[in-house]
Amino acid sequence: MICLAGRGKILRMAKRPAGEPAAGQAGAGQAGAGQDGAGQDGAGLVGAAVTPRGGLVVVYSALMLAILLAALDQTIVSTALPTIVGDLGGLNHLSWVVTAYILATTVSTPLWGKLGDQYGRKRLFQAAIVIFLIGSALCGLSQSMVELIAFRALQGLGGGGLIVLAQAIVGDVVPPRERGRYQGVFGAVFGVASVAGPLLGGFFVDNLGWRWVFYINLPVGAVALAVIAYALPATANRSPHRIDYLGTLLLAGSATSVVLLTSWGGTTYAWGSPVTYGLGVAAVALAVGWWWSARRAAEPVLPLRLFRNPVFSVSSAVGFTAGFAMFGALSFLPIFLQVVRGVSPTISGVYLLPMVLGLLLTSVASGQIISRWGRYKIFPIIGMALLTLSLFLLSRLGGRTPSPEMDLYFFLLGAGLGLVLQVLVIAVQNSADYADLGAATSGVTFFRTIGGSFGVAIFGSVFSNRLAGQLASALHGATLPAGVHPSAAEGNPAILDKLPAVLRAGILHAYTVSIDTVFLAAVPVAAVGFVLTWFLREVPLRATAGAADLGEGIGAGPAERTSVEEVERALCRLADADLRRRGYERLATAAGLDLPGGSCWVLTRLAKQGPVAGPELARQADVTVEYGRPYVDKLVAAGMVTRSGGVLTLTGAGQAAADRLFAARREALCRFLQGWNPEEHADLAAMLTDLSRALLGEDADRELIRR
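Residues numbered from 1 in each chain as written. Predicted model: local features only at pLDDT ≥ 70, side-chain atom pairs only at ≥ 80, totals over all residues. Heavy atoms only, no water.

1. Quick look at the overall build of the protein
No. 1: Along the backbone of the protein there are 28 helices and three strands.
No. 2: Taking all 707 residues of the protein together, 60% fall into the buried category.
No. 3: The long-range fraction of contacts in the protein, counting pairs at least 24 apart against all pairs at least 6 apart in sequence, stands at 81%.
No. 4: Just so you have it, the protein exposes about 25400 Å², and 63% of that area is on carbon and sulfur atoms. (Helix = DSSP H or I, 4+ residues; strand = E, 2+ residues; numbered from the N terminus. Buried < 20%, exposed > 50% of the residue type's maximum accessible area, 1.4 Å probe, protein only. Contact = heavy atoms within 4.5 Å. Areas by Shrake-Rupley, 256 points an atom, 1.4 Å probe, with all protein chains shown as cover.)

2. Overview of the packing of helix α13 (residues 310-340) against helix α16 (residues 378-394)
No. 1: Viewed as axis vectors pointing N to C, α13 and α16 meet at an angle of 30°, and their least axial separation amounts to 11 Å. Considered as vectors, α13 and α16 are oriented roughly parallel to each other. With respect to the hand of their crossing, α13 and α16 are arranged in left-handed fashion. Only M384, L387, L391 and L394 of α16 make contact with α13, whose side of the interface consists of V318, T321, A322, A325 and L333. (Axes fitted to C-alpha atoms, helices over the stretch in contact; angles between N-to-C directions. Parallel < 35°, antiparallel > 145°, perpendicular 65-115°, else oblique. Left-handed = near helix turned anticlockwise from the far one by under 90°.)

3. Some remarks on the side chain of S273
No. 1: Structurally, S273 can be placed in the loop between α11 (245-264) and α12 (274-296).
No. 2: Looking at S273, the relative accessible area reads 13%, which means it is buried.

4. Overview of the pairing of strand β2 (residues 641-644)
Within a regular strand, side chains alternate between the sheet's two faces.
No. 1: Where β2 and strand β3 (residues 647-650) come together, four bridges link them in antiparallel fashion. Looking at the pairing, V641 lines up with L650 of β3.
No. 2: If you look at the hairpin formed by β2 and β3, you'll find two residues sitting between the two strands, and G645 has a positive phi there, around 65°. (Pairing = 2+ DSSP bridges.)

5. Thoughts on the packing of aromatic side chains
No. 1: On inspection of all chains with the given rule, the structure shows 16 aromatic pairs.
No. 2: A centroid spacing of 6.1 Å and a plane angle of 85° characterise the contact between F307 and F447, whose relative ring orientation is edge-to-face. Within this pair, whereas F307 is found in the loop between α12 and α13, its partner F447 is found in helix α18 (residues 437-475), the two being separated by 140 residues in sequence.
No. 3: In this structure F307 comes out as partly exposed when scored by relative accessible area, which is 34%.
No. 4: According to the relative accessible area criterion, F447 is buried, its value standing at 19%.
No. 5: Within the aromatic cluster, the residues linked to one another by ring pairs are F324, F332, F459, F463, Y511 and F519. (Phe/Tyr/Trp six-rings, centres within 6.5 Å; stacked < 30°, edge-to-face > 60°.)

6. What about the pairing of β3?
No. 1: Residues of β3 alternate between two faces, with L648 and L650 buried on one and V647 and T649 left unburied on the opposite face.
No. 2: Bridging between strand β1 (residues 612-613) and β3 involves two bridges; their strand directions are antiparallel. Paired with V612 across the strands is L648, a residue of β3.

7. Brief notes about the side chain of S293
No. 1: You can see S293 is positioned in helix α12.
No. 2: Other than its neighbours up to four places away in sequence, S293 contacts D244, L246, G247 and L250.

8. Some points on unusual backbone geometry
No. 1: A positive phi angle, close to 60°, is found at D622, a residue other than glycine.
No. 2: Along the chain, D622 falls in the loop between α24 (614-621) and α25 (625-637).

9. What to know about the nonpolar core
No. 1: In this structure, L333, L387, L391, L394, F410, L413 and L417 are the most contacted members of the largest nonpolar core, which totals 104 residues.
No. 2: Of the residues forming this core, the biggest block, 18 residues, is contributed by α13.
No. 3: Apart from residues lying up to four places away in sequence, L394 is in contact with L333, Y409, F410, L413, D516 and F519.
No. 4: Counting residues in hydrophobic clusters, the runner-up holds 38 residues, among them Y60, I163, V174 and V189. (Core = buried A, V, L, I, M, F, W, Y, C linked by side-chain atoms within 4.5 Å.)

10. Description of the sheet that holds β2
No. 1: What the three strands build is an open sheet, ordered β1-β3-β2; its pairing is antiparallel. Every other strand in the sheet has two partners, leaving β1 and β2 as the edge strands with one partner each.

11. With respect to the environment of V318
No. 1: Turning to its location among the elements, V318 is positioned in helix α13.
No. 2: Owing to a relative accessible area of 1%, V318 belongs among the buried residues under this scheme.
No. 3: C-alpha separation for the pair V318 and L424, spaced 106 residues apart in sequence, amounts to 8.2 Å.
No. 4: The contacts of V318, once residues within four sequence positions are left out, are M384, V420, L424, G529, L532 and T533.

12. Quick word on the pattern of salt bridges
No. 1: Scanning the model with the defined rule gives four salt bridges in all.
No. 2: Among the salt bridges present, the one from R152 reaches D73, with a minimum N-O distance of 3.4 Å. Here D73 lies in helix α3 (residues 56-75) and R152 lies in helix α7 (residues 145-173), a separation of 79 residues in the sequence. Here the two residues R152 and D73 agree in accessibility, since each one is buried.
No. 3: Note that R619 and E616 form a salt bridge whose closest N and O atoms lie 2.6 Å from each other. With a gap of three residues between them, R619 and E616 both fall in helix α24, about one helical turn apart. (Salt bridge = Lys/Arg side-chain N within 4 Å of Asp/Glu carboxyl O.)

13. Some thoughts on a nonpolar patch on the surface
No. 1: A cluster of nonpolar side chains, namely L246, V284, V288, W291 and W292, defines an oily patch on the protein surface of about 510 Å² accessible area.
No. 2: The element best represented in the nonpolar patch is α12, accounting for four residues.
No. 3: Overall, the relative accessible area of 42% leaves W291 in the partly exposed class. (Patch = residues over 30% accessible without salt bridge, like charges linked within 9 Å, V, L, I, M, F, W, Y side chains within 5 Å.)

14. A look at the environment of D87
No. 1: Following the sequence through the fold, D87 ends up in helix α4 (residues 81-88).
No. 2: Spatially, the C-alpha atoms of D87 and S144 are 8.8 Å apart, while their sequence positions differ by 57 residues.
No. 3: The residues contacting D87, other than those within four sequence positions of it, are W210 and R211.

15. Some thoughts on the confidence of the model for the protein
No. 1: Per-residue pLDDT for the protein has a mean of 78; in total, 82% of the residues score no lower than 70.
No. 2: Across residues 4-45 the pLDDT falls below 50, and counting only partners more than four positions away or on other chains, this stretch makes 110 contacts in the model. (pLDDT = per-residue confidence, 0-100.)

16. A few points about helix α27 (residues 682-694)
No. 1: Over its 13 residues, α27 runs 18 Å from end to end, which matches the ideal 18 Å to within 8%, given 1.5 Å per residue.
No. 2: Among the 13 residues of α27, 12 are classified as buried, and the element is accordingly described as predominantly covered.
No. 3: D683, L684, A685, A686, M687, L688, T689, D690, L691, S692, R693 and A694 are the residues of α27 that are buried. (Expected span 1.5 Å × (residues − 1).)

Structure follows, in structure tokens:
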């Protein structure tokens, strides 16, 4: 087998003095990854987990709160937008309230990840929380749309740090045996946020005012900050990086120029104005500068070689169109519901639930089916077809459209997105070379979120242009109530309540036509994405690609992991499921040992932590001494363990048996890595060695002993 080269290494590692801390032992003082040279590129994840003060649950709860805040702020503002415009005015700038946050989150994520690796995650995470909370407070205090947009960008800057650092910190505090499950919960948090965001936004607007959409972050974030400061220990692991500051600035500048061009063109500035031309020239010049920079940077923010992979190129283009539709719809459907349908902000959030339900159902289902079936190409084809169809159907919405029909349109939109977003991540992870795995995963999510930024900006430009013309026709020659200026209806939808019925009907028609035009304009973009899906090459599915993270397929925060971190995350999830299927018994058979699972757990536990008293070992296993004695007696009878004064100690034969179990675990992990060629990558081989030891004899396996 390709992994046999690592067998000698795992055997040598296992032959430590009995009392020496070992990689993977919870609470151990040193990380095995550092000992074995796997610390480069963040491979130090595969090592001892630091012990949080107050326990893992305390710090993990704070991490989930931080992730929830950042994820909620992608969607919570959507149902508040009409009210915000009613208070601050500036309907033509509405899209930037969403775009500024997404864009700032996207471009800052790579920097947060690498700075955390280099300087330590605790202080960087605390800084991200503080920036996010300052941005939230200032958003709530905003007195103009320009202020709100600027502060949303600041909030997004902190949000990028919350997303990427919280996920990285899990690797510092959770033992490898349990990381797959803990990291998987973050995907569920993004799912909850996608459901709860529009509902909470509507609730706060109806009951407390739109400013509480941002103020609510302050007490929750303060709790997370206090818990992190108290409970999370600083870690000594550091991974040096040559951070591509120039490439990040150039790429962010180019993207921002294009978004400004599409947002301002034809509204704030004429298409032929010097500002519009200047933005176009700046976008091209900055893009060329980024290309030049990426060719020379040691660690470019987006390596150019990725685009030589046709699966990555096609997936990025399709993801761009899907993000375009997703965030555009989330931004403008609440306006349709609240202005045209006349529902409250809270109820508009309820109306969006079919869309979110469709997104979650198909995301989860497609991932499960792909991991069992081994094929993925058909899902984005169906998904983009549904997305194109649903956008066309949404362009036919009107004030009298029956609610069940509207719910069906929303569900189809979400179902199409769910079949695309998650599967594109799987396709890219499955086709990328190992050296590019981390960059490819973050790259495809980057293009999805950039597509969201473009979509919201372009949707906003189309909406503003169309609405201005429609309102001019509706109000032409009309006599308005005293104090109401004709332009007020464009900047303040709430003014509708003050208008006579005839004028109100004309303005509602103007909004309906304008929003329908937005979705109709998105149809050709989605259609291009549908055509591109047919060019997506299907590669035989690797086992690690079948363990994709739901959080990478939902939300606006790009993934930011190194290649070894991506593989380690997938292996932890696969190995956890494997061990729960009588894994210890199968390992014993593979190692040539006639031992029950409980005896194997004792062997590996003693090999990692050294001599221990029998009652203490029973406490660690969460069983009674009487329950555990037969497993130990079998080892004593076989000469693998000695019992002296109640203390259990491995013999040479016992150490050799534990070595064989660790080696069998490594071989089993290697089978999950078919196609990755770990013998060609030192960091991957070292991670396998560390992980094979870290996954056995852990607290997470106590329930297996009690079966």
